[in-house]
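Chain residues, written in single-letter form:
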Amino acid sequence: MPDRPVILAYADRDSVKPGENIAFAVSCLKLNSFDCDFVRLLGCDAGPEMPPFQPCVMAAPEAGRYPGREQPIRAGSHIEVEGSQRLAYLGPITVCLNIMPTLVASQPRCLLSTLTEDGRGGVALRLDSAGCLTAMIGDPEGLRVYRLDRPLSLRRWSFVALSYDPKRRHLLVMVYRLASGMHDHAGASWLAVDNVEPPARSDGRLVMAAQRGDGGFPCHHFNGKIERPRILAEALSLEQLSSLATRKPTEPVDWPCVADWDLISEPAADIVRDHSGSGHDGVCINQPTRAVQGSNWDSSTMDWRLAPEQYGAIHFHHDDIESLGWQEDLRLTVPIDWPSGCYAARLRGADAEFYVPFYVRQAIKSSSDVAFLAPTATYAAYVNLGFQRQTVEYYLGCLACFYTPLDLMAVELPGLGKSLYDPHDDGSQRSIGSLRRPVLNRQPGGWLWNFQIDLCLLGWLARVVPDHQVLTDEDLDREGLAALDGCGVLVTGSHPEYWSVPMLQALDGFLARGGRLMYLGGNGFYHAIDFHPQRQGLVELRRRHSRNGSYGVGEAHSSFTGRLCGAWRDLGRPEQSLVGVGYRTEAFDRCSYYRRLAASEDRRASFIFEGISERIIGDFGFMGGAAGIEIDAIDEALGTPRHALVVAASEGHGSSYMRVLGGSDFFTGLWNDAPREPVRADMTFFETPAGGAVFSVGSIAWGSSLPHAGYANNVAHISENVLRRFRDPTPFQMPD
């Protein structure tokens with residue numbers, strides 16, 4: 001835990017219109033109160049090379065001092081079933097389920113429990129700290145524990161069961177290891193105990209993949225997959241359990257059920273249905289991974305929708321997090337006179353400070369023809385990033401120098417959850433990103449990347465188009481092309497990497513009606529994601545090929561929509577076909593500059609460099625230049641329009657960029673692009689058939705150079721030239 005005052009908070013949504021409400025939940029460590037005001041963010045706090053960070057304080061009656069309290073951080077996914085008379089007193093029972101543990105880490109891991117929080121009633125099946133199956137019987141005299149001696153194998157399916165006959169006072173605990181391939185064999189081990197007193201009555205509440213602890217809060221979260229959990233109303237014998245273990249998980253059983261949970265139906269929903277007819281439906285907490293391979297997956301399909309019976313498992317993790325469920329501390333009604341833009345609740349107390357950003361949209365159809373698309377899907381993917389910092393240090397060959405106290409807090413408070421680039425502790429890939437938690441790297445200070453660079457873009461945009469409108473990725477996903485009504489020029493953020501199908505369809509429609517797109521970033525339009533159909537700020541990303549944790553071969557389809565995930569270029573929509581350029585490489589040391597090329601003199605692109613005599617563009621900025629971090633280049637084989645003009649290209653990048661482009665990719669690029677450098681960002685322009693146009697800079701760092709010298713520089717000048725011409729309704733003409 002931190003040894004200093006800390007404020008953490010999050011909002012219940014990311015965008016709001018004037019007159020609507022937005023709620024904030026706050027937790028204070030070592031503070032009894034905090035002060036709140038509301039500010040508009042038009043720049044970031046990135047040091048002396050940037051203009052002074054001066055957030056604009058907005059008048060709001062909700063600003064003031066509030067009492068502080070600590071709210072708990074509870075990570076870990078599980079299923080909760082509300083109490084019932086039938087679950088309180090089970091009588092003769094068999095608890096059985098298929099499991100595939102993925103991590104024990106010397107901690108007990110509960111599979112299914114009706115135990116009371118003091119352990120004096122109910123039953124449970126769990127793995128002990130050594131990974132051995134354990135049956136637990138609640139008793140007023142103390143918890144009774146019965147343990148098998150052999151640990152279960154990690155990443156292998158087993159059928160586990162607890163059978164208890166109160167008349168005979170006979171307990172049977174069994175593990176049946178399921179065969180994992182044609183050369184594997186099944187095998188069983190069991191423990192039979194007589195004269196076992198029946199479990200004391202519980203309160204009827206049930207938890208799956210965890211158990212209730214102090215205060216009734218879940219603990220001992222299970223890491224791994226669970227499939228077809230059941231509670232039968234009879235105590236099965238060893239022979240009956242062995243027979244049940246060898247059946248397919250979707251086969252009906254021959255005995256009456258107290259509960260029979262279906263873990264595959266409606267994987268985007270929170271509800272897990274009980275098919276026994278007893279009404280013991282469960283609720284998923286903290287968004288476990290659904291639509292994953294079950295014990296009977298046979299590789300005949302990779303799409304869970306085509307064979308749902310083979311995807312009847314849920315993968316739980318002790319470090320899953322969706323929303324912390326904190327109580328609301330304050331609520332803002334957005335004043336009707338606030339212009340569209342990026343705002344934040346600024347929370348301060350003692351030496352602690354925390355910003356909760358949000359976006360204000362136009363209440364009605366905007367009079368402005370310029371809109372900024374805030375890449376909130378990217379923010380959700382990179383929440384509380386840890387992995388990338390280690391990668392940066394590898395590139396640089398030294399310790400990174402841009403850690404802040406908030407960055408270190410991700411280590412001190414791991415329950416806040418990490419990014420989709422950080423594998424789960426069991427080595428599996430994270431697939432659910434959530435903004436409904438404190439976001440430590442979405443502050444106006446710290447590492448100049450993503451959100452911070454986007455604030456530089458917004459600062460520039462506020463100067464050149466004060467009445468511009470702002471919307472988020474999720475707004476575009478839910479509203480489609482209607483979200484861009486009245487918009488003639490769409491400006492992207494610095495890193496618009498993640499796009500859903502509805503977002504791309506809206507962008508296609510925008511360009512088809514003559515819209516103009518300014519892609520002022522890099523590594524954009526790269527990965528397919530889905531937003532949750534009901535809950536806000538929740539995205540799903542399933543990479544088909546990843547260095548960020550393992551994923552099942554047949555688990556590349558989204559549980560939210562069923563769509564195939566992966567890189568858009570692998571799905572038939574390479575980013576080059578949309579914006580002319582596509583991801584080439586990345587590094588996080590010094591950035592470089594662009595050099596104008598012959599195409600910059602073409603009359604079609606003359607407006608871009610109007611009033612600019614320099615041949616070198618962007619040799620300045622916080623990171624040394626406007627070209628870098630992640631960079632894009634043209635590739636006609638991947639769809640760059642043949643009439644696209646590359647008006648400038650970067651050069652002089654360090655060896656770190658080559659390390660990422662290493663191996664065959666580097667030599668292929670060196671051969672195909674000769675005599676041009678393979679490591680470069682291409683500044684590109686082309687017209688579209690409907691009279692619109694696309695301008696791409698191919699660099700995340702572009703926006704970080706905009707504020708240099710008070711926005712009086714050639715990066716800002718070029719951006720303004722393009723924006724001015726793009727706002728001109730005169731149609732662009734496609735070349736012959």
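(A) Local environment of the overall build of the chain. Secondary structure summary: the chain contains 14 helices and 44 strands in total. C-alpha atoms of the chain, sized along the principal axes, occupy 95 × 60 × 50 Å. Split into buried and exposed, the 736 residues of the chain put 61% on the buried side. Approximately 27,200 Å² of the chain is accessible, and the part contributed by carbon and sulfur atoms is 51%. Put simply, the chain has 69 plus and 88 minus side-chain charges, and the middle of one group is 1 Å from the middle of the other.

(B) Looking closely at the pattern of salt bridges. Enumeration according to the criterion identifies 41 salt bridges in this entry. The residue Arg-13 makes a salt bridge to Asp-12 at a minimum N-O spacing of 3.9 Å. In this structure Arg-13 comes out as partly exposed when scored by relative accessible area, which is 23%. Classification of Asp-12 by relative accessible area gives partly exposed; the value is 33%. Lys-225 is paired through a salt bridge with Glu-555; the nearest N and O atoms lie 2.8 Å apart.

(C) Structural view of the packing of aromatic side chains. Under the counting rule described, the total for this entry stands at 21 aromatic pairs. An angle of 50 degrees between the planes, with centres 6.1 Å apart, marks the rings of Phe-24 and Phe-38 as tilted. Here Phe-24, found in strand β3 (residues 21-29), pairs with Phe-38, found in strand β4 (residues 33-40); they are 14 residues apart in sequence, far enough to count as distant. A relative accessible area of 1% places Phe-24 in the buried class. Their ring planes at 25 degrees and their centres at 6.2 Å tell us that Tyr-343 and Phe-358 sit as a pair that is stacked.

(D) Seen up close, helix α14 (residues 714-727). Across its 14 residues, α14 extends 20 Å between first and last C-alpha, which sits within 8% of the 20 Å expected from 1.5 Å per residue. When you tally the buried positions in α14, you get ten out of 14 residues, the bulk of the element. If you check which residues of α14 are buried, you get Asn-714, Val-715, Ala-716, Ile-718, Ser-719, Asn-721, Val-722, Leu-723, Arg-725 and Phe-726. Capping of α14 at its N-terminal end is provided by Asn-713; its side-chain oxygen lies 3.0 Å from the backbone amide nitrogen of Val-715.

(E) Here's a closer look at the side chain of Arg-725. Tracing the backbone through its elements, the reader meets Arg-725 in helix α14. Despite its burial, Arg-725 pairs with no opposite charge; the closest candidate is Asp-728, at 4.2 Å N-O. In terms of polar contacts, Arg-725 uses its side chain to reach the backbone carbonyl oxygen of Thr-730, at 3.1 Å. Setting aside residues no more than four positions away along its own chain, Arg-725 makes contact with Arg-516, Phe-607, Thr-730, Pro-731 and Phe-732.

(F) Here's a closer look at the environment of Arg-13. Along the chain, Arg-13 falls in the loop between β1 (6-11) and β2 (15-16). Measuring from C-alpha to C-alpha, the distance between Arg-13 and Arg-436 comes to 7.7 Å, with 423 residues separating the pair along the chain. Apart from the residues within four sequence positions on either side, Arg-13 is in contact with Glu-20, Asn-21, Ile-22, Arg-436 and Gln-536.

(G) Up close: the sheet that holds strand β29 (residues 432-434). Reading across from one edge, β29-β36-β35 is the order of the three strands in this open sheet, with antiparallel pairing throughout. The strands lining the two open edges of the sheet, one partner per strand, are β29 and β35 (530-531). Note that β35 and strand β36 (residues 538-540) share two bridges and pair antiparallel. Bridge pairing in β36 links Asp-530 to Glu-540.

(H) Seen up close, helix α5 (residues 405-412). Among all positions of α5, only Leu-406, Asp-407 and Met-409 are buried. All buried residues of α5 project into a common sector of 150 degrees when viewed along the axis, lining one side. Turned more than 90 degrees from where α5 packs its buried face, Pro-405 and Val-411 sit exposed.

What counts as what
Residues numbered from 1 in each chain as written. Predicted model: local features only at pLDDT ≥ 70, side-chain atom pairs only at ≥ 80, totals over all residues. Heavy atoms only, no water. Helix = DSSP H or I, 4+ residues; strand = E, 2+ residues; numbered from the N terminus. Buried < 20%, exposed > 50% of the residue type's maximum accessible area, 1.4 Å probe, protein only. Areas by Shrake-Rupley, 256 points an atom, 1.4 Å probe, with all protein chains shown as cover. Lys, Arg positive; Asp, Glu negative; His and termini not counted. Charge placed at Lys NZ, Arg CZ, Asp CG, Glu CD. Salt bridge = Lys/Arg side-chain N within 4 Å of Asp/Glu carboxyl O. Phe/Tyr/Trp six-rings, centres within 6.5 Å; stacked < 30°, edge-to-face > 60°. Expected span 1.5 Å × (residues − 1). Polar contact = N/O pair within 3.5 Å; in protein donor to acceptor, adjacent residues only side chain to side chain. Contact = heavy atoms within 4.5 Å. Pairing = 2+ DSSP bridges. Arc of directions from axis to C-beta.

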